[in-house]
Each structure stands twice: as C-alpha cells, then as structure tokens.
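Descriptive analysis of the structure
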Amino acid sequence: MEKFMSENFLLKNETAITLFHDYAKEMPIIDYHCHLSPKEIYENKRFKNITEAWLYGDHYKWRALRANGISEEYITGKASDYDKFIAWAKTVPMTIGNPLYNWTHLELQRFFGIHDILNEKSAPEIWEKANALLNREGFGARDFIEKSNVQVVCTTDDPIDSLEYHLLLKESNDFNVQVVPGFRPDKGLEINRDGFLDWVKQLETSSELTINSYADFLKALEARVMFFHSAGGRVSDHALDTIVFEETTQDEVERIFSERLTGNKIPLIDEKKFKTYTLLFLGKHYAELDWAMQFHINANRNNNSRMFKELGPDTGYDSINDDQIAKPLCRILDALEKENKLPKTILYSLNPNDNPVIASVINSFQDGKTPGKIQFGTAWWFNDTKEGMLEQMKALSSIGLFSRFIGMLTDSRSFLSYTRHEYFRRLVCNLIGEWVENGEVPQDIELLGSIVQGIAYNNAKEYFQFPQ
C-alpha cells in the first residue's frame, strides 16, 4: 500500500516518477491568471494566523464547510479565527475524494513542514506550529510566492484601476518576481447591469476622457488598454458566462449606448449587439499589442439570491452553466480572424461537456505560425480536480497538441495555492507515464521530459512574452 502523500504521490509508474522528479518538479511557475492582491504583494502582507492565510476569501473551503453543516458564523461570520480553524479541521476528513483534502495537506507540508494529518484531534497542535512559523520572518505574501519558484504573477484588474501597486512593484528592486496586471473589462460589457453607468463615470476619471457617446467609450477603453500595456500587462480576461454574437454596426451600437446613458435598460438583443461589438473592438487591440485574450465561459453565478444579498459575489454560491457555446464562440473568433485581428486566445469552459467542443474549435483558428496560438485552457474552477484535469488533458491530446499546452494557473485568492501546480504536474507526468507503460508512446525520456517542461513552464514563457 502506498504511503499517504509520499514523494511519489499520484505517480503510479517508473516513467512518471522519472519525469516528475527529474524534469517537472523544479521548473519555475508562470501564474498567468490569479486573483491575488497586488497591494498585499507589495506590502508583503503578514498573516496573524493560519486561518487568515488559509480560510479568508477561499470559497472552495467555504462550500465544503457549508456542506458539512458548519454554521456561517464559523465561515464568514464573527467566530474567532481559532474556532474557524477548528471548524475547518472537523471538515477536512469529510473532504476525502475532493482535491481539497490533498491540497490542504500539500500546503501544510510544503509551506510549513507539517506532515501531520489535519483533523479535529490534531488541529490544536497544527494551529500552534503554523502560527509560530507565521510569526517568523520569511512567511509573508512575497515569501510564499518566492518559495514556490514563481517568476510571473498576473493579477486580475478592472480597467479603471490605477495599478498603483503594480507600478510600485515595477519600480522596486527588492522583489524578483514580475507582477503584471490582467485587463478584466467585464463591468464595461455588462451594459444592463446595475452600476454600469457609475462604472462609465469612473472610466471617465481614470482615462481622463469625457464619455458622451459610444465612440468616446471606445476611446476610453483603448486608453486603458494602453495604460495596462505600459505597466507590463499582456493578458486580458473576460467572464463570458453566456457567450453571445450578434451582427451589428458601430452606428447601431452608438444608438444603443446613448439610450443606456439616459438611464433606461435596453432590450436583450441590443445588449448582445453591444457586447459583441465591444468585445471585437477590444480583441483587435489585443491582437495589435500581441496580448493573449482569455474567455472564461459557462459559469452560473450567484445562484443563491438570499446569500448573495447577504455576502455578495464570489462567496461560494456559483455553479456550472450549460449554455451551448460552439456557434457563438466560432463566430466571435471568425469575425476577428476575417480581419486578421484574432489575438492569441485561451478558452476555458466551466462545463466539462464542452471539452471536445473547445478542443476542436481551437484547431479551426491556429495560424500556422505561432505554436498553440489558440489554447484550450487548463481545467477551471469546479474542474480543477484530479478527474477534471485528466479529462481536459485527454480531450486536448486526443484532438490537438498536448505538447503545446501552456499548462496550469492558480485562479486563486490564496498565496498558499501554488501547490496546485505540483498536483497538476504530477498528473501530467503520470498520464504520459501511462501512455509509455501501455506501449502507446516510446520511452524516449529526453523527448517526454522536454514536453513535460514545456507544459510546466517553457510553453507559457514563449507564449506570453512578458516584458523583462
């Protein structure tokens, strides 16, 4: 029987063991999409205890706590941090089969050197051990990033953001990790959402441009794209929970935008036209600047209206959506391709049923010049499980080029999440090892090792071309 979380955890054959330990393990990390706070990175945030470092803002864990019957007082409520930690310790044994069980223990092992199994009995001692370390030097936000061998962190930022802390980090000489902004203009596409008009006013302020028309709006967005570019940004990100495409013209969208500026909501068909034209406008600018454009598709957000009203978004009440995506997705990509303005693009769907759709769509738009220009993004959110990651990789390898895959990202708000890259790399190595053991792939370790290192790091480095 294999020892729990041994050095060969998830590695089930000799080829996998060799590939992980000799090729994957020590590769640097490019975290090209996450939700870490640039302010906390700049200030090298110190954590007063393991609960603050581990449970604050982590809605993966919050969902598990609720499912285990833990009161909200011990999740987002006023219970003490110690009591919240004990509640999590009670829940951890119940997460067996969920990647949270393994991620929890990987984080304890890699960052704190704690190899005890977390449960209600061991919790008090682990609380003391972890907190004693957090009170020492070398356990701040920056330290966790550096210990994880991260080279680039790409945060997620609103176009109206001042990027104050990105600019400060860029000027400083005391942190060797690049922290660059990711352009996330969702609030500028959701024209019917409450708060849109307030956001337009904020865009006016940040761009220093007056917005009285749709043409003005586009100029302001373009100005913010250029500002992000000057700060090192090379990536955009769009939450296209429902992906749409409607033919339209700028004149027609000008009318739609003007109507919305009066305070009136607009019909759904006009909303789709606004989103389509604005997204294509942005895509063309991304292409001109050699950015990568990311689409996160098919999330169903804020399902529980009572809890949304109480806690707001991103608190653990989202799920998988099941909209059909193939036709509108292809029309968006094709509209850009027809003008030779399709940027490097990474496609993620929260619905695993879309895996073969995306794996096939990407090959319709490769350009024959940029290796893996259109990417099937790594298993996302509810899919970054053992089986979810394997299903995504198998769909990609079956239809496309697994060897050109740009690999893992954290998509996390936690500085302790970098162990997920190790988890992912172990699965990559074991999958390739299985192919070798089955006689499907020759045991050419030099070739396979280069593919593993590409997926772990080299492909992303070549793909994004973040400025040095």
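Scroll up a little and you will see the structure.
First things first, this report covers the structure right here in the doc.

1. Examining the pairing of strand E2 (residues 150–154)
Counting buried residues along E2, 4 of its 5 residues qualify, which places the element largely inside the surrounding structure. The pairing of strand E1 (residues 29–31) with E2 spans 3 bridges and is classified as parallel. Among the inter-strand pairings, Ile-30 is bridged to a residue of E2, identified as Val-152. Both E2 and strand E3 (residues 178–180) contribute to a ladder of 3 bridges, which runs parallel. Residue pairing for E3: Val-152 is matched across the bridge by Gln-178.

2. Some points on the pattern of salt bridges
The tally for this structure, following the rule as stated, stands at 30 salt bridges. As a salt-bridge pair, Arg-66 and Glu-72 come within 2.9 Å of each other at their nearest N and O atoms. Residue classification places Arg-66 among the buried positions, given a relative accessible area of 18%. Judged by its relative accessible area of 18%, Glu-72 is buried. The network of salt bridges with common partners includes Lys-45, Lys-48, Glu-52 and Asp-81.

3. Here we look at the environment of Thr-210
When you line up the elements, Thr-210 lands in the loop between helix H11 (196–207) and helix H12 (214–230). When the C-alpha positions of Thr-210 and Met-5 are compared, they lie 58 Å apart, and in sequence the two are 205 residues distant.

4. Things to note about the side chain of His-421
Assignment of secondary structure puts His-421 in helix H19 (residues 419–437). In this structure His-421 comes out as buried when scored by relative accessible area, which is 3%. Those residues in contact with His-421 that sit more than four places away from it in its chain are Ile-29, Ile-30, Asp-31, Met-408, Leu-409 and Thr-410.

5. Concerning the environment of Phe-295
Note on placement: Phe-295 falls in strand E6 (residues 292–297). Classification of Phe-295 by relative accessible area gives buried; the value is 0%. For the pair Phe-295 and Lys-272, spaced 23 residues apart in the sequence, the C-alpha separation amounts to 16 Å. Aside from chain neighbours lying at most four places away, what touches Phe-295 is His-238, Leu-240, Leu-279, Leu-329, Ile-332, Ile-346, Leu-347 and Tyr-348.

6. Side note on the sheet that holds E1
Pairing is parallel across the open sheet formed by 3 strands, whose spatial order is E1-E2-E3. Of all the strands in the sheet, the pair left with one neighbour each is E1 and E3. Across this sheet, the average inter-strand angle for adjacent strands is 10°, counted without regard to direction.

7. A closer look at the packing of helix H4 (residues 59–67) against helix H5 (residues 81–91)
The relative placement of two packed helices comes down to the angle between their axes together with the axis-to-axis distance. Contact geometry for H4 and H5: axes closest at 10 Å, N-to-C directions at 70°. As summarised for this structure, H4 and H5 are arranged roughly perpendicular, according to the angle between their axes. Of the residues in H5, those touching H4 at Lys-61, Ala-64 and Leu-65 are Ala-87, Trp-88 and Thr-91. Per-class residue counts for the contact of H4 with H5 are 4 nonpolar, 1 polar and 1 charged.

8. A word on helix H13 (residues 250–261)
A rise of 1.5 Å per residue sets the reference length of H13, with its 12 residues, at 16 Å; its end C-alpha atoms lie 16 Å apart and thus fit the reference within 8%. Those residues of H13 not exposed but buried are Val-253, Ile-256, Phe-257 and Arg-260. Projected down its long axis, H13 carries its buried residues within an arc of 95°, all on one side. On the buried face of H13, the contacting elements are H11, H12 and helix H14 (268–289). The first or second residue beyond H13 is Gly-263, which carries a positive phi of 105°.

9. Considerations on the sheet that holds E6
If you trace the 5 strands from one edge of the open sheet to the other, you get E4-E5-E6-E9-E10, paired in parallel fashion. Either end of the sheet is taken by a strand with one partner, and the two such strands are strand E4 (182–183) and strand E10 (374–376). Note that strand E9 (residues 344–349) and E10 share 3 bridges and pair parallel. Note that in E10 the partner of Ile-346 across the bridge is Gln-375. Seen against the sheet, H14 touches E4, strand E5 (235–240) and E6 and runs at an angle of roughly 160° to E5. Against the sheet, helix H16 (residues 326–338) makes contact with E6 and E9, and its axis sits at roughly 165° relative to E6, the strand it touches most.

10. Structural notes on the state of the cysteines
Enumeration over the complete set of coordinates arrives at 0 disulfides. Of all cysteine sulfurs, the one in Cys-34 lies closest to Cys-154, which takes part in no disulfide; the gap is 7.3 Å.

11. Section: the side chain of Asn-131
In this structure, Asn-131 sits in helix H7 (residues 123–134). Residue Asn-131 is classed as buried on the basis of its relative accessible area, which comes to 10%. Here the side chain of Asn-131 touches Ile-50 through a polar contact of 2.8 Å, landing on its backbone nitrogen. Excluding its chain neighbours within four sequence positions, the residues that come into contact with Asn-131 are Asn-49 and Ile-50.

12. Points about H7
Note that an α-helix has 3.6 residues per turn; residues three or four places apart therefore point the same way. For H7, with 12 residues, the first-to-last C-alpha span of 16 Å sits near the 16 Å given by 1.5 Å per residue. All of the buried residues in H7 are Ala-123, Ile-126, Trp-127, Ala-130, Asn-131, Leu-133 and Leu-134. Buried residues of H7, viewed axially, fall in a sector of 155°; they line one side. Buried residues along H7 sit against helix H3 (50–54), H5, helix H6 (99–112) and helix H8 (141–147).

What counts and what doesn't
Residues numbered from 1 in each chain as written. Predicted model: local features only at pLDDT ≥ 70, side-chain atom pairs only at ≥ 80, totals over all residues. Heavy atoms only, no water. Buried < 20%, exposed > 50% of the residue type's maximum accessible area, 1.4 Å probe, protein only. Helix = DSSP H or I, 4+ residues; strand = E, 2+ residues; numbered from the N terminus. Pairing = 2+ DSSP bridges. Salt bridge = Lys/Arg side-chain N within 4 Å of Asp/Glu carboxyl O. Contact = heavy atoms within 4.5 Å. Axes fitted to C-alpha atoms, helices over the stretch in contact; angles between N-to-C directions. Parallel < 35°, antiparallel > 145°, perpendicular 65-115°, else oblique. Nonpolar A, V, L, I, M, F, W, Y, C, P; charged D, E, K, R; others polar. Expected span 1.5 Å × (residues − 1). Arc of directions from axis to C-beta. Disulfide = S-S within 2.5 Å. Polar contact = N/O pair within 3.5 Å; in protein donor to acceptor, adjacent residues only side chain to side chain.

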